[in-house]
Amino acid sequence: MPLPDELPLFPLSTVLYPGGHLSLRVFERRYLDMVRDCSRRGTGFGVCLILKGQEVGEPAMPAAVGTLARIIDFSHGDDGLLGIVAQGEERFRVARTRVRSDGLVTGQVEHWPAERSDTVPVEFALLQTILGRLLEHMAPQWRHATMADYDDASWLGFRLAELLPLELEEHQRLLELTDPVRRLAELQHILPRFQKA
């Protein structure tokens, strides 16, 4: 489905990567209405990192590059709140935003170019091993990933980026990179920070 010209935006204190999963509990009226509209129309919403403001209350200022999120599951928690799981699809750039009367931020968006398909260069084989270990403990939804997935530079980079405890600015930078091999190089450069002394 092509990216629409205007998207409802959900500014969050997290970054959603293409192919990633995001679990949210929804309770504000503007977002409950957004979820209902997306479900009825079969459309998605945009997830953007908050640059200024909070997730709750006054409309927050979103980052210029975000990811289209498609709702793939619903639930109701013991607290009565609506839970959704959304999957990240393509990236987009926000050209301009407006705030509706209900406080929902919408954005005029432009398609972000798809990455070229690259095989993981041999010098990044360690990243494949590290991701395999992380997925066992932190992301069971990926336990059935194939070797073809691990050999895909974009998939490998996005999965590592979403699992490593990076600064939000680093997450956003890795989202905005358009070269999957360069993303792997940056991740490999960051990794020593997480190694035990």
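Residues numbered from 1 in each chain as written. Predicted model: local features only at pLDDT ≥ 70, side-chain atom pairs only at ≥ 80, totals over all residues. Heavy atoms only, no water.

**Here we look at the side chain of R91**
Right, so step 1: Following the sequence through the fold, R91 ends up in strand β6 (residues 82-99).
Right, so step 2: A polar contact is formed between the side chain of R91 and the backbone oxygen of L175, at a distance of 2.6 Å.
Right, so step 3: With residues near it in sequence (within four places) discarded, R91 still touches P18, G66, T67, H111, W112, P113, E115, F158, L175, E176, L177 and R183. (Helix = DSSP H or I, 4+ residues; strand = E, 2+ residues; numbered from the N terminus. Polar contact = N/O pair within 3.5 Å; in protein donor to acceptor, adjacent residues only side chain to side chain. Contact = heavy atoms within 4.5 Å.)

**Topic: the packing of aromatic side chains**
Right, so step 1: All told, the structure shown has 4 aromatic pairs when counted by the stated rule.
Right, so step 2: The interplanar angle of 5 degrees and the centroid separation of 3.9 Å between the aromatic rings of F10 and Y31 together place this pair among those described as stacked. Remark: Y31 occurs in helix α1 (residues 29-41) and F10 occurs in strand β1 (residues 6-12); sequence separation between them is 21 residues.
Right, so step 3: The exposure class assigned to F10 is buried, which follows from its relative accessible area of 5%.
Right, so step 4: Judged by relative accessible area, Y31 falls into the buried class, the value being 4%.
Right, so step 5: Each residue in the set F10, Y31 and F45 is aromatic and connected to the rest through ring pairs, giving one cluster. (Phe/Tyr/Trp six-rings, centres within 6.5 Å; stacked < 30°, edge-to-face > 60°. Buried < 20%, exposed > 50% of the residue type's maximum accessible area, 1.4 Å probe, protein only.)

**Here we look at the nonpolar core**
Right, so step 1: Membership of the largest hydrophobic core comes to 32 residues, with the highest contact counts inside it found for L131, L135 and L160.
Right, so step 2: Looking at this core, the elements with two or more residues in it are α2 (125-138), α4 (153-163), α5 (168-176) and α6 (180-190).
Right, so step 3: Ranked by the residues each element gives to this core, the list is headed by α4, at 7 residues.
Right, so step 4: Residue contacts for L160: discarding those within four places in its chain leaves L127, I130, L131, L134 and L187.
Right, so step 5: The next biggest cluster of nonpolar side chains, apart from the first, holds 18 residues, and it includes L24, V26, A69 and I84. (Core = buried A, V, L, I, M, F, W, Y, C linked by side-chain atoms within 4.5 Å.)

**As for the environment of V120**
Right, so step 1: With respect to the helices, strands and loops of the structure, V120 is situated in the loop between β7 (105-111) and α2.
Right, so step 2: The spatial distance from the C-alpha of V120 to the C-alpha of F92 is 24 Å, given a sequence separation of 28 residues.
Right, so step 3: Excluding residues within four positions of it along the chain, V120 makes contact with Q128, Y150, D151, D152, A153, L156 and L184.

**Details of the packing of α4 against α6**
Right, so step 1: Packing of α4 against α6 leaves a shortest axis separation of 8 Å and a crossing angle of 35 degrees. Pair α4 / α6 crosses with left-handed handedness. Contacts between α4 and α6 pair A153, S154, L156, G157, F158, L160 and A161 from the former with P180, V181, R183, L184 and L187 from the latter. (Axes fitted to C-alpha atoms, helices over the stretch in contact; angles between N-to-C directions. Left-handed = near helix turned anticlockwise from the far one by under 90°.)

**A look at the packing of α5 against α6**
Right, so step 1: Relative orientation of the contacting elements α5 and α6 amounts to 155 degrees, with a least axis distance of 9 Å. Compared by their axis directions, α5 and α6 come out roughly antiparallel. In the crossing of α5 with α6, the sense of the turn from one axis to the other is left-handed. Residues E170, R173, L174 and L175 of α5 lie in contact with α6, whose contacting residues are R182, R183, E186, L187 and I190.
Right, so step 2: Here the contact of α5 with α6 is composed, by residue class, of 4 nonpolar, no polar and 5 charged. (Parallel < 35°, antiparallel > 145°, perpendicular 65-115°, else oblique. Nonpolar A, V, L, I, M, F, W, Y, C, P; charged D, E, K, R; others polar.)

**Section: the pairing of β1**
Right, so step 1: Counting buried positions along β1 yields 6 of 7 residues, so the element is predominantly enclosed.
Right, so step 2: As paired elements, β1 and β7 share 4 bridges and run antiparallel to each other. Opposite P8, over in β7, you have T106 as the bridge partner.
Right, so step 3: Where β1 and strand β3 (residues 45-52) come together, 4 bridges link them in parallel fashion. (Pairing = 2+ DSSP bridges.)

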